[in-house]
Amino acid sequence: MTGETVCSLLAEAQAALSGDEGRGEAELLLGHALGVDRAWLIAHRDDAVAPALAGQARCCVSRRAAGEPVAYIVGHRGFHALDLAVTPDVLIPRPETELLVDLALRHIPQSEKVDIADLGTGSGAIALSIATARARARVLATDASAAALDVARGNAQRLGLRNVEFAQGDWCAALATRRFNLIVSNPPYIAASDPHLRQNDLRFEPHAALASGADGLDAIRIIVRDAPTHLESGGWLLLEHGFDQGTAVRSLFEESGFVEISTARDLEGRERVSGGVKSRF
Ligand code: GLN
């Protein structure tokens, strides 16, 4: 058998990973196995690849072909301005959640010592993006899962962030008696019976980070109910939710006494993040 080249391995990977994303995924997986980036792959298409490395590349491709998410195979995922380590203990950060970060940053002046809590931080995507963009902010990242907190802590350490703390616990219970100027969360919000949970990448992600009761709103109900106790007056709660949950989530904010309630749409025009202010009166 003649030796493999970058080009032959890429072609083989692309054939194994059909679909729109196959090409990009093939490059990511081969780059990961060879320890190089995409630009290197393009510039070295005719280079020979040692059999051991070719074997590793094939192993990554067959895991993907069997359904495992690319981010779990390569062990990291880009989010906002960061590259974050991810494991199957955490949800893979999604582009739509960058909207939540951008909205949160609008409420956090560069120059002020704002206290922020991120509930159910997972990989730390939201908390660490905020802490990176606002050096004076103090961020508490919480999660019910010790394994998830380990991933988030590792990410904070690699990024050299000193303005993030961690606490284990359910939603607002993790906040003890503390109060914040801003509470953010991307909680689970998929209905437990939703067939998507048994398809594609979602099958491999932590169920508790995705599904939340019969209508998907169990976690959001608890957070919206309990957040006022942990917000300063005039403080904000901002939550990501499903594209079809805007009306229900705004009602929950109203029932809990929030004012200035509004919903922002994601890049695809779908309702995605709702927020409200704890009344000053
Ligand atoms: N947006 C995710 C999805 O539909 C769900 C994330 C979540 O439940 N917070 O895959």
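Below is a short write-up of the structure.

Cut-offs and rules
Residues numbered from 1 in each chain as written. Predicted model: local features only at pLDDT ≥ 70, side-chain atom pairs only at ≥ 80, totals over all residues. Heavy atoms only, no water. Helix = DSSP H or I, 4+ residues; strand = E, 2+ residues; numbered from the N terminus. Buried < 20%, exposed > 50% of the residue type's maximum accessible area, 1.4 Å probe, protein only. Contact = heavy atoms within 4.5 Å. Lys, Arg positive; Asp, Glu negative; His and termini not counted. Charge placed at Lys NZ, Arg CZ, Asp CG, Glu CD. Core = buried A, V, L, I, M, F, W, Y, C linked by side-chain atoms within 4.5 Å. Near = heavy atom within 4 Å. Polar contact = N/O pair within 3.5 Å; in protein donor to acceptor, adjacent residues only side chain to side chain. Areas by Shrake-Rupley, 256 points an atom, 1.4 Å probe, with all protein chains shown as cover. Nonpolar A, V, L, I, M, F, W, Y, C, P; charged D, E, K, R; others polar. 1 Å grid on protein atoms, 1.4 Å probe; cavity = no way out; pocket = protein on both sides within 12 Å on 5 of 7 lines; lining within 4 Å. Points joined across faces, edges and corners; volume = space filled by probe spheres on them.

1. Thoughts on the overall build of the protein chain
Step number 1: Helix and strand content of the protein chain: 10 helices and 11 strands.
Step number 2: Along the longest, intermediate and shortest principal axes, the C-alpha atoms of the protein chain span 75 × 40 × 35 Å.
Step number 3: The proportion of buried residues among the 281 residues of the protein chain is 50%.
Step number 4: Sequence separation of at least 24 residues holds for 64% of the intrachain contacts in the protein chain that already meet a minimum separation of 6.
Step number 5: Positive and negative side-chain charges in the protein chain, numbering 28 and 37 respectively, have mean positions lying 5 Å apart.

2. Observations concerning the nonpolar core
A general tendency of soluble globular proteins is for nonpolar side chains to be buried together.
Step number 1: Among the nonpolar cores identified, the biggest contains 34 residues, and Ile108, Ile116, Ile130, Val164, Leu182, Val184 and Leu238 are the most heavily contacted of them.
Step number 2: Once residues within four sequence positions are removed from consideration, Ile116 is found in contact with Ile108, Ile130, Ala137, Arg138, Val139, Leu140, Phe180 and Leu182.
Step number 3: Core analysis: the second largest hydrophobic core is formed by 29 residues, Ala117, Leu119, Ala167 and Trp171 among them.

3. Points about the site of the ligand
Step number 1: Close to the ligand lie Arg94, Glu96, Asn186, Pro187, Pro188, Tyr189, Ile190, Leu202, Ala209 and Leu210.
Step number 2: Within the side chain of Asn186, one N or O atom sits 2.7 Å away from a nitrogen atom of the ligand.
Step number 3: Here Pro187 contributes a backbone N or O atom positioned 2.7 Å from a nitrogen atom of the ligand.
Step number 4: Summarising the interface, the protein chains cover 86% of the accessible area of the ligand, which totals 300 Å² for the free molecule.
Step number 5: Within the shell around the ligand, the residues separate by chemical class into 7 nonpolar, 1 polar and 2 charged.

4. Concerning unusual backbone geometry
Apart from glycine, the bulk of residues carry a negative phi angle, and the bulk of peptide bonds sit in the trans form.
Step number 1: Of note in this structure, His80 is not a glycine but carries a positive phi near 50°.
Step number 2: Within the secondary structure, His80 sits in the loop between β3 (76-79) and β4 (82-85).
Step number 3: Despite not being glycine, Ala176 has its phi angle at roughly 50°, a positive value.
Step number 4: Following the sequence through the fold, Ala176 ends up in the loop between β7 (164-168) and β8 (180-185).
Step number 5: Using a relative accessible area of 54% as the deciding quantity, one classes Ala176 as exposed.

5. What to know about the layout of surface pockets
Step number 1: If you add up the space inside the second largest pocket, you get close to 480 Å³.
Step number 2: When residues of the lining of the second largest pocket are traced back to their parent elements, those giving at least two are α7 (125-133) and β6 (138-143).
Step number 3: Taken together, the residues that form the lining of the second largest pocket break down as 15 nonpolar, 9 polar and 5 charged.

6. Examining helix α6 (residues 97-106)
Three or four residues apart is the spacing at which side chains of an α-helix point the same way, because the helix has 3.6 residues per turn.
Step number 1: Burial analysis of α6 places 7 of its 10 residues in the buried class, the great majority of the element.
Step number 2: Among the residues making up α6, those that are buried are Thr97, Leu99, Leu100, Val101, Leu103, Ala104 and Leu105.
Step number 3: Turning to α6, the residues buried within the fold contact β3, α7, β8, β9 (231-240), β10 (258-265) and β11 (271-278).

Structural measurements only, silent on function.
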